[in-house]
Structures are given as structure tokens and as C-alpha cells.
Amino acid sequence: MASNPLGKIVTVFNQKGGVGKTTTTCQLAGAFGHRGYDVLVADLDAQQTSASWLSRMDGANFPATLWSGFRYKDSTAAELGKLAAKYDLIVVDCAPAVDQPGTWASLLVSDLALIPTKLSPADTDALPAALALAKKALVTSGREYPVRILPTAFRRNRADEKAALEVVAADKVYPEFPVMKQVLSDRVAFTRSMLYGATVHSMPNAKDAIAELDALTDAVAKLLKIPATKKG
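This one's a predicted model, so the numbers in the text were calculated from it and none came from an experiment.

Cut-offs used in this document
The residue numbers shown here count from 1 along each chain, following its written sequence. A pLDDT threshold of at least 70 governs which residues receive local features in this predicted model, and a stricter bar of 80 or more applies before side-chain atom pairs are shown or counted, although totals over entire chains, interfaces and linings include all residues. Derived side-chain values reflect all non-hydrogen atoms in the structure, with water molecules and hydrogen atoms excluded from consideration. Working definition: helices are DSSP H or I runs of at least four residues, strands are E runs of at least two. Numbering for both runs from the N terminus. Based on C-alpha atoms, the radius of gyration is set beside the globule rule, defined as 2.2 Å times the residue count to the power 0.38. Residue exposure (1.4 Å probe, protein chains only): buried if accessible area is under 20% of the type maximum, exposed if over 50%, otherwise partly exposed. Each pair of strands is called paired provided DSSP finds at least two bridges between the two strands. In what follows, a contact means two residues having at least one pair of non-hydrogen atoms within 4.5 Å. Every angle, taken between N-to-C directions, lies between 0 and 180 degrees, and every axis is a line fitted to C-alpha atoms, over only the stretch in contact when it is a helix. Any pair of Phe, Tyr and Trp rings, taking the six-membered ring for Trp, is counted once the centres come within 6.5 Å. Such a pair is stacked with planes under 30 degrees apart, edge-to-face with planes over 60 apart, and tilted for the rest. Comment: the charge-over-ring label is applied if NZ (Lys) or CZ (Arg) is within 6 Å of the ring centre and within 35 degrees of the ring normal. A helix's residues, less one, multiplied by 1.5 Å, set its expected span. Working definition: the arc comes from the directions between the helix axis and the C-beta atoms, pointing outward to the latter. Definition used in this section: a nonpolar core is a set of buried Ala, Val, Leu, Ile, Met, Phe, Trp, Tyr and Cys residues joined via side-chain atoms within 4.5 Å. As used in this structure description, the phrase polar contact means that two N or O atoms lie within 3.5 Å; if the pair is within protein, one of them must be able to donate a hydrogen and the other to accept it, and residues adjacent in sequence are counted only when both atoms belong to side chains.

A.B. asks: Go over the overall build of the chain, please, and point to the residues and values.
C.D. replies: When helices and strands are tallied, the chain shows nine helices and seven strands. The C-alpha atoms of the chain give a radius of gyration of 16 Å, which matches the 17 Å a tight globule of 232 residues would have. Along the first, second and third principal axes, the C-alpha atoms of the chain reach 45 × 45 × 35 Å. Looking at the chain as a whole, 51% of its 232 residues are labelled buried.

This is the structure we're talking about:
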């Protein structure tokens, strides 16, 4: 890792599927790619949804490299360590379920962990398992890095989702793992851009989605203590 002063690893994980892990991974990775960073997307899910996203249009629209790392299992941490010496930023898309060896391995070498979640009861009920795993990884690895909950597919006009967000934010079991102020709302551009192998930056009429993604990217850069845009 010494050859690369960056080499930051962001683990995107959750116990539950369908919460926006791949959307978060690809949009965030692509946003940093557009900002000049050399980015790797590490797809640890055997379903390979991130891989499909990046490979559409022969990868012409996506400013990041793909690594299909789900086959490595127990050696994932070692492989990520090697790759971190070659890339500025690695964004890891984990398989749903917290008992996956790849998820655990990634958390052991991370610089930031993001837990995307929708705000239905079924989704928020899965958060404690993810938070507990993050806490265990921090203790086991001896590393100190931020862990954040990221609301996804957020519907601002829904009172029940606003209430659920307040409940999650008020949780006192893991006060060191707060909910991010930034959200990815329920916008068509976030999912439609997958069809083009791109981020929302390439989509027409996506001003609001772009603003949300840019705000999230700025916040992640701050958490990683790196410039929002790569210099030099």
C-alpha cells in the first residue's frame, strides 16, 4: 500500500438485499471517477449486478475498473490490500447477508463502511445485524474508521418514511454509527442510469439526482479525508 498515498477502501454492505447497495456503489464509484480518481469497483456478490452495470455499452460510459472478487472468499482481504496499492479508491459491493466471508474480509481492511437502507420496517429491522458486524470488525481489526447509515430510495413526500428516518437517527445502541444527512431519493435516474452503464451525471433531466449524488460524494470524501476532486 505504501506506493499509493490514497488506496482507500469503502465497504457498502447490509444484511438485507434490495436496499440500494449496488446503486450506492456504482453511483459513488462513478462520481469519484468523474472527479479524476482512479477507482475500482469490487463486486463481491455472486449475482454480479455491479459487474453488469459497469459492462453495459462495453464499459464506455463508466469511469472505473471492475474486479469480480466474489470468488476469493477468505482471501478477499489480502487481495483488496494488493489492489489498494494500485487504485486511489476501491468501492466494494457486498453480497446481501452479514455472514458472507467477503463482507467480513472487506470490513477488516476498510477506511469507511456505508450501510444503505430503505425505510420500510423490513429494511430498518435488518440494520442491527449490519451495525453489530461493523462494530465487531472495528474491534477485531483494531482499525478506527467511520461507519454510516445511508437512506436510499427515500420518498420525501411520505410521512411514514420521514418518521422511520427519525427513529433510525435516534437509535442509541450504536451512537457512533450515525445516519448521514445526505440521501439518495427515489428517483428514476438512479436506476435508469444502470441501463446505460453510467452514473446519473450522464442522464438527461437528472439535475436533482446529480445534486444528491454530488452531495454524497462530497460527504464521503470528507469522511475519507481526501480532496473532493483529485488534484494533479
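A.B. asks: Go over the sheet that holds strand β4 (residues 89-93), please, and point to the residues and values.
C.D. replies: A sheet is described by the order of its strands in space; here seven strands give the open sequence β3-β2-β4-β1-β5-β6-β7, paired in parallel fashion. Strand pairing shows two members of the sheet lacking a second neighbour, β3 (65-68) and β7 (184-185), which therefore form its edges. As paired elements, strand β1 (residues 8-12) and strand β5 (residues 112-117) share three bridges and run parallel to each other. When the sheet's bridge partners are listed, Thr 11 is paired in β5 with Ala 113. Contacting β1, β2 (39-43), β4, β5, β6 (147-154) and β7, helix α1 (residues 21-34) runs over the sheet at an angle of about 165° to β4. Against the sheet, helix α3 (residues 76-84) makes contact with β1, β2, β3 and β4, and its axis sits at roughly 150° relative to β4, the strand it touches most.

A.B. asks: How would you sum up the packing of aromatic side chains? Please name residues and give values.
C.D. replies: All told, the structure shown has three aromatic pairs when counted by the stated rule. Relative to Tyr 37, the ring of Phe 32 lies with its centre 5.6 Å away and its plane at 80°, an arrangement referred to as edge-to-face. For the pair formed by Phe 32 and Tyr 37, the shared burial category is buried. Aromatic pair Trp 67 and Tyr 72: ring centres 5.1 Å apart, planes at 35°, arrangement tilted. Its relative accessible area of 35% is what places Tyr 72 among the partly exposed residues. Sitting above the plane of the Trp 104 ring, Lys 136 keeps its charged end 5.4 Å from the centroid.

A.B. asks: Can you explain helix α6 (residues 127-141)? Please cite residues and give values.
C.D. replies: Taking 1.5 Å per residue as the helical rise, α6 with its 15 residues ought to reach 21 Å, and the 21 Å between its terminal C-alpha atoms agrees with that figure. Among all positions of α6, only Leu 127, Ala 130, Leu 131, Leu 133, Ala 134, Ala 137 and Leu 138 are buried. Buried residues in α6, looked at end-on, bunch into an arc of 160°, giving them a common side. What points out from α6, more than 90 degrees from its buried face, is the exposed set Lys 136 and Val 139. Each element contacted by the buried residues of α6 is listed here: α4 (101-108), β5, α5 (121-124), β6 and α7 (159-169). At the C-terminal side of α6, Gly 142 shows a positive phi close to 75°.

A.B. asks: Quick rundown of the nonpolar core? Include the residues and the values.
C.D. replies: With 37 residues, the main nonpolar core has Phe 13, Leu 80, Ile 90, Val 92 and Val 147 as its most contacted residues. Those elements that provide at least two residues to this core are β2, α3, β4, β5, α6, β6 and α7. It is α6 that contributes the most residues to this core, seven residues altogether. Apart from the residues within four sequence positions on either side, Phe 13 is in contact with Lys 21, Cys 94, Thr 103, Leu 107, Ala 113, Leu 114, Ile 115, Pro 116, Ala 130, Leu 133 and Ala 134.

A.B. asks: Go over the side chain of Gln 27, please, and point to the residues and values.
C.D. replies: Tracing the chain through its elements places Gln 27 in helix α1. Of note is the side chain of Gln 27, whose polar atom sits 2.8 Å from the side chain of Ser 193. Looking at Gln 27, its side chain comes within polar contact range of the main-chain nitrogen of Val 200, at 3.1 Å.

A.B. asks: Which residues make up the pairing of β1, and what are the values?
C.D. replies: When you tally the buried positions in β1, you get four out of five residues, the bulk of the element. As paired elements, β1 and β4 share five bridges and run parallel to each other. Note that in β4 the partner of Ile 9 across the bridge is Ile 90.

A.B. asks: Residues and numbers for the side chain of Glu 79, please.
C.D. replies: With respect to the helices and strands, the residue Glu 79 is situated in helix α3. Residue Glu 79 is classed as buried on the basis of its relative accessible area, which comes to 19%. Setting aside residues no more than four positions away along its own chain, Glu 79 makes contact with Trp 67 and Tyr 72.

The values are spatial; any link to function lies outside them.
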